[in-house]
Each structure stands twice: as C-alpha cells, then as structure tokens.
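Structural description and commentary
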Amino acid sequence: MSIFAMALMVMVGLAGALVIDDESSADSASSASVELSDNIVATEKTLTATLKFSADSGFTTGSYTAKLVNSSGTTQSGALSSTSGTIGSVPYSKDITVTAPKTAGKYTLEVEFTATISGEKSVQNVSKTIEVREPITLSVEISNNGSLAVSNAPVYFYVDGVKVVESEQKLTVAPGDKTTVSYKYFNKDLSAGHHTFKLVSSDASYNITGLEKSYDFYYEQGNNDLMTWIMVIVFIVVLIAAIFVFRKPVKNYGKPKARR
C-alpha cells in the first residue's frame, strides 16, 4: 500500500471520529437532548427548556443536573426552576423554566445526564445557547387638556403601524395634568434601522395631547456582537503594543554616563 493511500485512510478515519454533535455526547445505550421553546429572549423574561432522556433495556436509575452560565462561565443563581432531579423511568421528559438574567448577552444552558445502564455508568452532557436581549423602552408623555378626567382608558402601543396587543395599559390623568406611559417592547425579529411607534386609545372623545402622534426610534440590536469583537481586538492590539514597549531593551544600560 502506498504512503499516499495510507495517509488518506488515516485522514478519513480522523474525519469520521470528529463528526460528533458539539451539543451532546454520544452513547450507544442512551440518548439525551434539550429543546428550547426559544433561543432568543428579553431580559428577565422566561422560556421553557424540555429535558429528554431515553435508554435501551437495562436502565435502572438516572439523574440530571442543570445550570445557566454566562460567557465567563459563571453560574446564574435562581435562573432555573429546577437544577437537579431523578430519572425514575425512560423515556423521560421534563420541562424547566429558564428566567433570563437582567444583563443582555450570550448564556449557555448546561445539562448533565447520568444513568446506570446494564450495571455501567453513562454520562451525557448537553448544552444550548440562549441569547438575552435588552427590550426597547417606548415612552409617550400624555397631557389632558380637557375638562374631563380620564380614568382607566385602555391605550395601546403601535410599532410600525402594527398594534402590540400585549402593550395594553389603563390611562388615568386628571384635567390639566400630565403623565408618561411607557412599555418595554421586545421583538426578536425586529430589523435593524429606523422604526416608528405611537400610543393609541380606543376612545377618541378625550382632549389628550400625545395620542396618535408618531415617534421615531432606531434599533441596532445585532451590532452588539460586532462591537464586542472590535473592543476585544483593540484591547489585544494595545496589550501587544504595551508588552513590546516595556520589554524593549534600554540602550547603554549599565554604562558609565561619560560613555553613553
């Protein structure tokens, strides 16, 4: 067999060995997975993670441990409704609630499944990435210029002409008074760039300033990752420059002043 053929066989073998899901470990006697109701969520909002585990005959007992960690590997306290549990029988399925932290960024849900199958211990690790985004605060100042008090009038925010149903609030403002109506708007599919919003009431009989007026906002979600990489690159460049400057040998060091 030629050297070329042997090298080709080795490369094919290595390639086959490397084709493994980066989110879970392989085990011929069992399988484990985690399914997310969504992988993008607003800060302090919740999503559901479904833990699943199955095994061939011979399964006797099992358990899981789970944690949510940030990009630095720090576990987020109180982020999960359940951090551990027992797998009494298979197939196994359990929903846990994940509460997004207050700080936007990339987080990882890490789950370890441990089981005893035919007397042997089986361990599988599964991880899922969750992107936490900061919602946009929409605010409108309302002035009651009429002689009638506005009490519990339903108002809604519209974004780009589309009613945000879940934004309903009850507006109460006395004659001659002002108030500010705010709402934290989140839409994971919102495109970057220019957008408009307004506050609308279903009752047009009030003499209120601020309703129906269109306001602008600019959305730049998605540029955060780019800015983070730019900052990292700048930091590395500065660090290398600093090391070069401080490690550069000083000429004439140790020589008498008369010879310098």
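Residues numbered from 1 in each chain as written. Predicted model: local features only at pLDDT ≥ 70, side-chain atom pairs only at ≥ 80, totals over all residues. Heavy atoms only, no water.

**Section: the pairing of strand S3 (residues 46-55)**
Across seven bridges, the pairing between strand S1 (residues 30-36) and S3 is antiparallel. From the neighbouring strand, Ser31 faces S3, where its bridge partner is Ser54. Alignment of S3 against strand S6 (residues 92-99), held across eight bridges, turns out to be antiparallel. Across the sheet, Thr50 pairs through a bridge with Asp95, a residue of S6. (Pairing = 2+ DSSP bridges. Helix = DSSP H or I, 4+ residues; strand = E, 2+ residues; numbered from the N terminus.)

**Some remarks on the sheet that holds strand S15 (residues 215-219)**
If you trace the four strands from one edge of the open sheet to the other, you get S11-S10-S13-S15, paired in antiparallel fashion. Single-partner strands in this sheet number two, and they are strand S11 (162-173) and S15. The average undirected angle you get between the axes of adjacent strands in this sheet is 30°. (Axes fitted to C-alpha atoms, helices over the stretch in contact; angles between N-to-C directions.)

**Quick word on the sheet that holds strand S4 (residues 59-69)**
Overall, mixed pairing links the five strands, which are arranged S2-S8-S7-S4-S5 in an open sheet. The sheet is open, and its two edges are formed by strand S2 (40-42) and strand S5 (84-87), each paired on a single side. Here the average twist between neighbouring strands, direction ignored, is 25°. Where strand S7 (residues 105-117) meets strand S8 (residues 120-133), 13 bridges bridge the pair, whose relative direction is antiparallel. From the neighbouring strand, Val111 faces S8, where its bridge partner is Val126.

**Considering unusual backbone geometry**
Val90 connects to Pro91 through a cis peptide bond whose omega is 0°. Position of Pro91 among the secondary structure elements: in the loop between S5 and S6. Of note, the phi angle at Ser118 is positive, near 50°, even though the residue is not glycine. The topology assignment puts Ser118 in the loop between S7 and S8. With a phi close to 55°, Asn152 is a non-glycine residue in the positive phi region. Positionally, Asn152 belongs in strand S10 (residues 150-159).

**Regarding the pattern of salt bridges**
For the coordinates displayed, the defined rule picks out six salt bridges. We note a salt bridge from Asp38 to Lys188, for which the minimum N-O separation is 2.9 Å. Linking Asp38 in the loop between S1 and S2 with Lys188 in the loop between strand S12 (178-185) and strand S13 (193-201), this pair joins segments that are 150 residues apart in sequence. Classification of Asp38 by relative accessible area gives partly exposed; the value is 23%. Between Glu168 and Lys170 there is a salt bridge whose closest N-O contact spans 3.1 Å. (Salt bridge = Lys/Arg side-chain N within 4 Å of Asp/Glu carboxyl O. Buried < 20%, exposed > 50% of the residue type's maximum accessible area, 1.4 Å probe, protein only.)

**Quick word on the nonpolar core**
Phe53, Leu109 and Phe113 are the most contacted members of the largest nonpolar core, which totals 28 residues. Of all the secondary structure elements, the ones that give two or more residues to this core are S1, S3, S4, S6, S7 and S8. Looking at which element gives the most residues to this core, the answer is S7, with six residues. The residues contacting Phe53, other than those within four sequence positions of it, are Ser30, Ser31, Ala32, Phe59, Ile87, Val90, Pro91, Tyr92, Phe113, Ala115 and Gln124. (Core = buried A, V, L, I, M, F, W, Y, C linked by side-chain atoms within 4.5 Å. Contact = heavy atoms within 4.5 Å.)

The values are spatial; any link to function lies outside them.
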